[in-house]
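# Survey of secondary and tertiary structure
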Amino acid sequence: MAYSFPEEVLEHVFSFIGSDRDRNAVSLVCKSWYEIERWCRRRVFVGNCYAVSPAAVVRRFPDVRSVELKGKPHFADFNLVPEGWGGYVSPWITTLARAYPWLEEIRLKRMVVTDESLELIARSFKNFKVLVLSSCEGFSTDGLAAVAANCRNLRELDLRESEVEDMSGHWLSHFPDSYTSLVSLNISCLGSEVSFSALERLVSRCPDLRSLRLNRTVPLDRLANLLRRAPQLAELGTGVYSAELRSDDFSNLVGALAGCRELRSLSGFWDVVPAYLPAVYPLCSGLTSLNLSYATIQSSELTKLISQCHSLQRLWVLDYIEDSGLEALAACCKDLRELRVFPSEPFNREGNVSLTEQGLVSVSEGCSKLQSVLYFCRQMSNAALLTIARNRPNMTRFRLCIIEPRCPDYITHEPLDTGFGAIVQHCKDLQRLSLSGLLTDRVFEYIGTYAKKLEMLSVAFAGDSDLGLHHVLSGCDSLRKLEIRDCPFGDKALLANAAKLETMRSLWMSSCSVSFGACKLLGQKMPRLNVEVIDERGHPDSRPESCPVEKLYIYRTVAGPRFDMPDFVWTMDEDSALRPS
Amino acid sequence: MGKRGAVGLEIMTELRLGLPGAVKPSSNKRVFSEISTTEEKGSTEEPKAPAKNQVVGWPPVCSYRQRNSFNKEKVDRAEAGAGSKAYVKVSMDGALYLRKIDLSMQKGYSDLAFSLEKLFGCHGIGEALNGGEGAEYKLIYEDKDGDWMLVGDVPWEMFMESCRRLRIMKRSEAKDFAILQTRDFLKGTLKDDN
């Protein structure tokens, strides 16, 4: 075609295309589209910080406003990734600071962040607006003080689940009096007391504040004062929900809460004293999200609260809710989309609560929009899983954790293969699945056959042989992340499906049977994969090549091997050819 | 699709990486930790389930949740992996060296007193906490702000979070501590004497 659209027109059209996948597709059409697109891409998401170098990102995309990075593998949440493995954000911040003076948003997950990096962020980006540090570590409140003091246009500061070295609560006072743009603040992970007067003044002068998640040290009797200064709040995380409240304190709290007519999401509730729960009752009918997963209250109290929440879409709760509470949930919360039930005593072999598979079955029956489940329990049956699958073909995320490893169907004593098989067969849009209980290679055959939209699979203590792994790698067309622990999977399936690994973000295998020799071979043959052997027993060369490695992390990358590894991590590469002994 | 059965593991694959001799036919059974499988027959001996307290990272409760979970005394600290963060130094007047105690393993003040008595091989710390007039010891702690406070005034959880170190003072050394005198004074004036 002789004529084409002027650049400006194409750029305008591209500005309507937000999703990364679509943007990537656009850039592949032709060279001129690639060029135009790269100049106008404003948001970059890097799901594995080692998949690409920061230099390559800034070279390709010269004018980015928002960067999201993820570091450690998911199993780091369960202490399976040794301290020091990696995920350092510092080289990224250094490069971004130089390349993107107009950067507005940084979102990090499972990365190691230092105070120096936070200080660099605070100094480098004049229009910085959003900082989200999710499950990060390595920084202290001094770094936060730098951000507070310098980021005049900061809208969002969210430290969810990060591990912060708490020097003191004074960092909050570093927000200058002229600073008024706060929209969202989540400090629920911080241990020390923040200055209440500084917090109150901050809340008072920020009229756009919509989300406030306090930490445990904010006492209940200060909550009312904060709420009166921010009646426009949509999301609230309380501090400790207990105190010796005098009756006028309590009615003050009730009034303050009732004044927050926009509140849709509640969390916090540490140390909750049931007598004070009625203070939130007036809000219940408007709540869409409720996180009671730190609230150690009994089923009857939980039920009283939840049965008033007719608009509830998301519920996180401890297993204190029991089957009876879940039945009430099923009856009252018809709009429920997501349920997470956490174990109150995960390391107690004996059950301490009356929560069984029946609770989940009830919810699957009563809540037609339920699509995301995380459920810890102590018994399960194939029959229950089949019922759940039939009830909820719209399920997209299903994570079941039966606390005892390799626990069979408690009624028939058989493996739970057919139950999970039913889940993948009926729930055709299933994107995420976590397995547990007694499982043979059969379940993986089902998964490989039916779970065509599955993107993330977590497996533990399951399977009989390499065939299980082979079914998954050869059958799951959409698989991006696979994490496996304590399964008898070895070299054969991995080597036979090596090419599949380049179509995925990453594979984690720990306490399996993959030999060092196979790792070397894989690293040698697949230059676009980083095959990382993680072994704290010392260099694998000191053991026979057939010896299984402790942990294996394989990910695709265009950046080549990394150089920030600790001494218990080795990347297998072209130099790792098998040497004759 | 590969068929399980007769002769070992027949995996039908399109892509093989095989270099000659690269993948050794494994006549050894794969043995790792406590699981062994019999490849040829495709059957599995029921593997011995690992003892609960040996399994790292199971059940998969994320470490953030474990650290912030409420039932501190019920969660097995060993499972938390990261190690208890509640160790504080304890000094005792007249003792040659200090000890360390894990506050998170104590259920409350009386438990603490009992543990301290065991640590230093002495009696009377329980009485100190109960504020007995003739108690031989006084138990004080240094809080986050660096102030020395009398143990027992605040709820246990609050104490645990603010206590940085402990000191067991012999009464004879305590004459100069104003707080102790104040407390004794207050005891005489308050109706409820706890």
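Basis of the calculations
Residues numbered from 1 in each chain as written. Chains lettered and ligands numbered in written order. Predicted model: local features only at pLDDT ≥ 70, side-chain atom pairs only at ≥ 80, totals over all residues. Heavy atoms only, no water. UniProt positions renumbered as here; feature names shortened; annotations may be inferred. Helix = DSSP H or I, 4+ residues; strand = E, 2+ residues; numbered from the N terminus. Rg over C-alpha atoms; globule rule 2.2 N^0.38 Å. Buried < 20%, exposed > 50% of the residue type's maximum accessible area, 1.4 Å probe, protein only. Contact = heavy atoms within 4.5 Å. Lys, Arg positive; Asp, Glu negative; His and termini not counted. Charge placed at Lys NZ, Arg CZ, Asp CG, Glu CD. Core = buried A, V, L, I, M, F, W, Y, C linked by side-chain atoms within 4.5 Å. Phe/Tyr/Trp six-rings, centres within 6.5 Å; stacked < 30°, edge-to-face > 60°. Axes fitted to C-alpha atoms, helices over the stretch in contact; angles between N-to-C directions. Parallel < 35°, antiparallel > 145°, perpendicular 65-115°, else oblique. Nonpolar A, V, L, I, M, F, W, Y, C, P; charged D, E, K, R; others polar.

Going by what an unreviewed UniProt entry lists, chain B is known as Auxin-responsive protein and is assigned to Eucalyptus globulus. Quoted verbatim from the Subunit (unreviewed entry) field of UniProt, the annotation for chain B is "Homodimers and heterodimers."

Under an unreviewed UniProt entry, the name given to chain A is F-box domain-containing protein, and the source organism is Eucalyptus globulus. The annotation that UniProt attaches to chain A under Subcellular location (unreviewed entry) is "Nucleus". Check the Pathway (unreviewed entry) section of the UniProt entry for chain A; it says "Protein modification; protein ubiquitination."

### Quick word on the overall build of chain A
The helix and strand inventory of chain A stands at 20 helices and 23 strands. Its C-alpha atoms give chain A a radius of gyration of 26 Å, within 12% of the compact-globule value 25 Å for 581 residues. Per-residue burial over chain A gives 60% buried out of 581 residues. Counted over contacts in chain A with a minimum sequence separation of 6, partners at least 24 positions apart contribute 70%. Each charge class in chain A was averaged separately, 66 positive and 72 negative side chains, and the resulting centres sit 6 Å apart.

### Let's talk about the nonpolar core
In this structure, Tyr241(A), Leu290(A), Leu315(A), Phe398(A) and Ile447(A) are the most contacted members of the largest nonpolar core, which totals 205 residues. For Leu290(A), the contacting residues outside a window of four places in its chain are Leu266(A), Phe269(A), Leu305(A), Ile306(A), Cys309(A), Leu312(A), Arg314(A), Leu315(A) and Trp316(A). With 25 residues, the next largest nonpolar core counts Tyr109(B), Val151(B), Trp156(B) and Met160(B) among its residues.

### Examining the UniProt feature "domain: F-box" (unreviewed entry) in chain A
Cross-referencing UniProt, the feature "domain: F-box" (unreviewed entry) maps to residues 5-46 of chain A in the present numbering. As annotated, residues 5-46 of chain A comprises 62% helix and 10% strand, and the C-alpha atoms at either end are separated by 31 Å.

### Regarding the packing of aromatic side chains
Ring pairs (aromatic) are described by centroid distance and by the angle formed between their planes. Residues and elements named next belong to chain A. The final tally for this structure, using the stated rule, is 23 aromatic pairs over all chains. Judged by centre distance (5.6 Å) and plane angle (70 degrees), the ring pair of Trp85 and Tyr553 falls under edge-to-face. One end of the pair, Trp85, is in the loop between β2 (66-70) and α5 (90-99); the other, Tyr553, is in strand β22 (residues 551-556), and 468 residues separate them in sequence. Per residue, the accessibility class of Trp85 equals that of Tyr553, and both read buried. Their ring planes at 55 degrees and their centres at 6.0 Å tell us that Trp508 and Tyr553 sit as a pair that is tilted. One end of the pair, Trp508, is in strand β20 (residues 506-510); the other, Tyr553, is in strand β22, with 45 residues separating them in the sequence. Accessibility assignment for this pair places Trp508 and Tyr553 in one class, buried.

### With respect to the packing of helix α14 (residues 382-391) of chain A against helix α15 (residues 417-426) of chain A
Geometry of a packed helix pair, given as the angle between the helix axes and the separation of the axes. Residues and elements named next belong to chain A. In contact at an axis separation of 7 Å, α14 and α15 are set at 5 degrees when each is read in the N-to-C sense. For the element pair α14 / α15, the angle class is roughly parallel. Here Asn382, Leu385, Leu386, Ile388, Ala389 and Arg390 of α14 lie close against α15, whose contacting residues are Asp417, Thr418, Gly419, Phe420, Ala422, Ile423 and His426. Classifying every residue of the contact of α14 with α15 gives seven nonpolar, four polar and two charged.

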